[in-house]
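The chain contents come next:
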Amino acid sequence: MIRKLKLLLIIAGMMVSFAHAQKSIGTETDAQKQKRMEWWTDSRFGMFIHFGLYSGAARHEWVKHNEHMSNEQYQKYFDQFNPDYFDPTKWAKEAKAAGMKYVVMTTKHHEGFCLFDSKYTDYKVTNTKVKRDLVREYVNAVRAQGLKVGFYYSLLDWHHPDYTMDNCHPLVQVDTSKANYDRLNKGRDMAKYREYMRNQITELLTNYGKIDVLWLDWSWDKKDQKSGHGKGAKDWGSVELLKLVRKLQPGIIVNNRLDLNEYKDGADFETPEQVSTAELAKYKGKTWETCQTFSGSWGYYRDENTWKTHRQLLDLLITSVSNGGNLILNVGPTGRGEFDYRATRALDSLAYWTHANGSAIYNCTSAPDAYKAPENTKLTYNKAINRLYVHLYTYPVDGKLILPGYKNKVKYAQFLNDHSELLYKPSEANADDLVVTLPVKKPGYEIPVVELTLQ
Ligand code: GLC
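Conventions used here
- Residues numbered from 1 in each chain as written.
- Predicted model: local features only at pLDDT ≥ 70, side-chain atom pairs only at ≥ 80, totals over all residues.
- Heavy atoms only, no water.
- Helix = DSSP H or I, 4+ residues; strand = E, 2+ residues; numbered from the N terminus.
- Buried < 20%, exposed > 50% of the residue type's maximum accessible area, 1.4 Å probe, protein only.
- Contact = heavy atoms within 4.5 Å.
- Areas by Shrake-Rupley, 256 points an atom, 1.4 Å probe, with all protein chains shown as cover.
- Salt bridge = Lys/Arg side-chain N within 4 Å of Asp/Glu carboxyl O.
- Near = heavy atom within 4 Å.
- Polar contact = N/O pair within 3.5 Å; in protein donor to acceptor, adjacent residues only side chain to side chain.
- Nonpolar A, V, L, I, M, F, W, Y, C, P; charged D, E, K, R; others polar.
- Pairing = 2+ DSSP bridges.
- Axes fitted to C-alpha atoms, helices over the stretch in contact; angles between N-to-C directions.
- Phe/Tyr/Trp six-rings, centres within 6.5 Å; stacked < 30°, edge-to-face > 60°.

Q: Before we move on, could you go through the overall build of the protein and cite the residues and values that matter?
A: Across its full length, the protein carries 13 helices and 14 strands. Taken over the C-alpha atoms alone, the protein extends approximately 80 × 80 × 40 Å along its principal axes. Counting only residues that meet the buried cut, the protein has 53% of its 455 residues in that class. Excluding contacts between residues fewer than 6 apart, the proportion of contacts in the protein whose partners are at least 24 apart in sequence is 71%. Accessible surface computed for the protein: about 21,300 Å², of which carbon and sulfur atoms make up 52%.

Structure (structure tokens):
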């Protein structure tokens, strides 16, 4: 009887663990994955670049969709394309100075235009006035600055003749009836488009040396995928595509927009897009990168004026790291191929801050639970050197920083920006707390950082 019961329990246990086991595509272990991802998690801060024909329209990279343009109507941007100031070395230097460690650039966005010399289309940069492969120049420039190289590649394609209709396609925005879908889909064949993507991904991951990140974009409307209104894993052939990517570049890091959530290894990191800093706390414990714009649009948008302030950008960076994630911040170069003055200004101010305070970002993550964030601060932590970073969001007017419950936990305290010592002592009000004495004058940084060497 007891043996029977035991057997039943074992079988039940096996069933439970089986139900919990996620499917996987490859054979990589967790430890191997962690090793592969190490440079990326240590980097914490990257630059996104959205550049394409839409940069000339200067009113959002979705302009073709927003204004329901046909290929013919959109052709003027191809004919006009001539970024005379395109200089990726300058971009890479600005990224590096701002403290970014990797760059991801659009090789093809939803508009379908390729910034690289693909054998499989005429809709490419080498057929414009430019006549050069701009992806190649980008790769060389970024690599030469010692930064990691990433490619963004759009799964959507609003130019390809085999790409079928869905609720994002520019051509179905006015008449969304089934009859119109059927009419527009006549002669289109997603199988051929899937092959086109595989061919282009093969070109991108074969002809440009080692590529560090692949950012595939995107899948949507799971419930509408059947009706053809959304698109996901089946439409892209995601499993096969990911296998191909891993075969061509075994070390590459791939984002999570292939719609492979049911697989344990269907993605390397999550991509919360344009979320608030408050929402980032939800991602603690996961591997993630929040992608954010300076203003509302990814492609250059001349008349968009809601640019984030220096403080907001710093908050994004600090909050990302304090929740164990990365920030990738986007620049949309102008039609001339230059960073807009507003972007340059924002990058310069980040350069000033990261130069002085970058040690509180790189190789850092969220603080151990034993450390409570003092009032009006956020914490980051470098495990390897056992240092805690207190980011002072509001500079204490009374010159006192209370470290709650930090008694016997601190060995040394200093400002990070100039390594000037900060004296501290046990609090008279609460024996478990420490009080750090700060100078009356706030250091010249929007958010100064106190570095605590822990016991
Ligand atoms: C979105 C948009 C796109 C942008 C991307 C960046 O999915 O479609 O325009 O490139 O996110 O995260």
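Q: Which residues make up the side chain of serine 366, and what values go with them?
A: Residue placement: serine 366 occurs in the loop between helix H13 (341-357) and strand E8 (377-382). With sequence-adjacent residues up to four places away left out, serine 366 is seen in contact with Lys284, Val321, Ser322, Asn323, Gly324 and Tyr381.

Q: Could you give an account of the pattern of salt bridges, with specific residues and numbers?
A: Side chains that carry opposite charge are capable of pairing whenever their charged atoms lie near each other. Tallying each qualifying case throughout the model produces 25 salt bridges. With its nearest N and O atoms 2.9 Å apart, the salt bridge here joins lysine 23 to glutamate 262. With lysine 23 in the loop between helix H1 (2-20) and helix H2 (30-43) and glutamate 262 in the loop between strand E5 (253-254) and strand E6 (289-293), the pair connects residues that are 239 residues apart, well separated along the chain. Lysine 23 sits in the partly exposed class, given a relative accessible area of 44%. If you follow the salt bridges from partner to partner, you end up with Glu28, Arg36, Arg246 and Asp268 in one network.

Q: Explain the site of the ligand to me, using residue names and the numbers behind them.
A: In the neighbourhood of the ligand, 13 residues make up the surrounding shell, with His50, Glu61, His109, His110 and Glu273 lying closest. Take histidine 109: an N or O atom from its side chain is 2.8 Å from an oxygen atom of the ligand. When the ligand is considered free in solution it has 310 Å² of accessible area, and contact with the protein chains removes 95% of it. Looking at side-chain class alone, the shell around the ligand contains six nonpolar, three polar and four charged residues.

Q: Outline the sheet that holds strand E13 (residues 434-437), supporting the account with residue identities and numerical values.
A: Here we have three strands laid out as an open sheet, ordered E10-E13-E12, and antiparallel in their pairing. Edge positions in the open sheet fall to strand E10 (400-403) and strand E12 (424-426), since each of these has one partner strand only. Sheet twist, expressed as the average angle between the axes of neighbouring strands with direction ignored, equals 25°. Looking at chain direction, E12 and E13 are connected through three bridges and run antiparallel. Bridging from a neighbouring strand, tyrosine 424 pairs with valine 436 of E13.

Q: Requested: an account of the packing of aromatic side chains, with residues and values cited.
A: Summed over the entire model, instances satisfying the criterion amount to 27 aromatic pairs. Relative to tryptophan 158, the ring of tryptophan 62 lies with its centre 5.1 Å away and its plane at 80°, an arrangement referred to as edge-to-face. Taken as a pair, tryptophan 62 in the loop between helix H3 (54-57) and helix H4 (63-66) and tryptophan 158 in the loop between strand E3 (148-154) and helix H8 (178-185) lie far apart in primary sequence, 96 residues in all. Accessibility expressed as a relative area gives 16% for tryptophan 62, which makes it buried. Seen from their ring centres, tyrosine 152 and tryptophan 215 are 6.1 Å apart, and the 20° between their planes marks the pair as stacked. Residue tyrosine 152 is located in strand E3, and its partner tryptophan 215 is located in strand E4 (residues 213-217); the two are separated by 63 residues in the primary sequence.

Q: Please provide a residue-by-residue account of the environment of lysine 129, values included.
A: Among the secondary structure elements, lysine 129 is positioned in the loop between strand E2 (102-108) and helix H7 (134-144). Here the alpha-carbon distance between lysine 129 and aspartate 84, two residues 45 residues apart in the chain, equals 9.9 Å. Dropping the residues within four chain positions of it, lysine 129 is found in contact with Asp79, Gln80, Phe81 and Asn82. Side-chain polar atoms of lysine 129 contact the backbone oxygen of aspartate 79, separated by 2.5 Å.

Q: Which residues make up unusual backbone geometry, and what values do they have?
A: Note the cis peptide between aspartate 217 and tryptophan 218, where omega equals -10°. Along the chain, the position of tryptophan 218 falls in the loop between E4 and helix H10 (233-236). A positive phi angle is found at glutamine 274, which is not glycine, with a value near 50°. As for its position among the elements, glutamine 274 is in the loop between E5 and E6. Overall, glutamine 274 belongs to the partly exposed group, its relative accessible area being 30%. Here asparagine 376, not a glycine, exhibits a phi torsion of approximately 60°, which is positive. Along the chain, asparagine 376 falls in the loop between H13 and E8.

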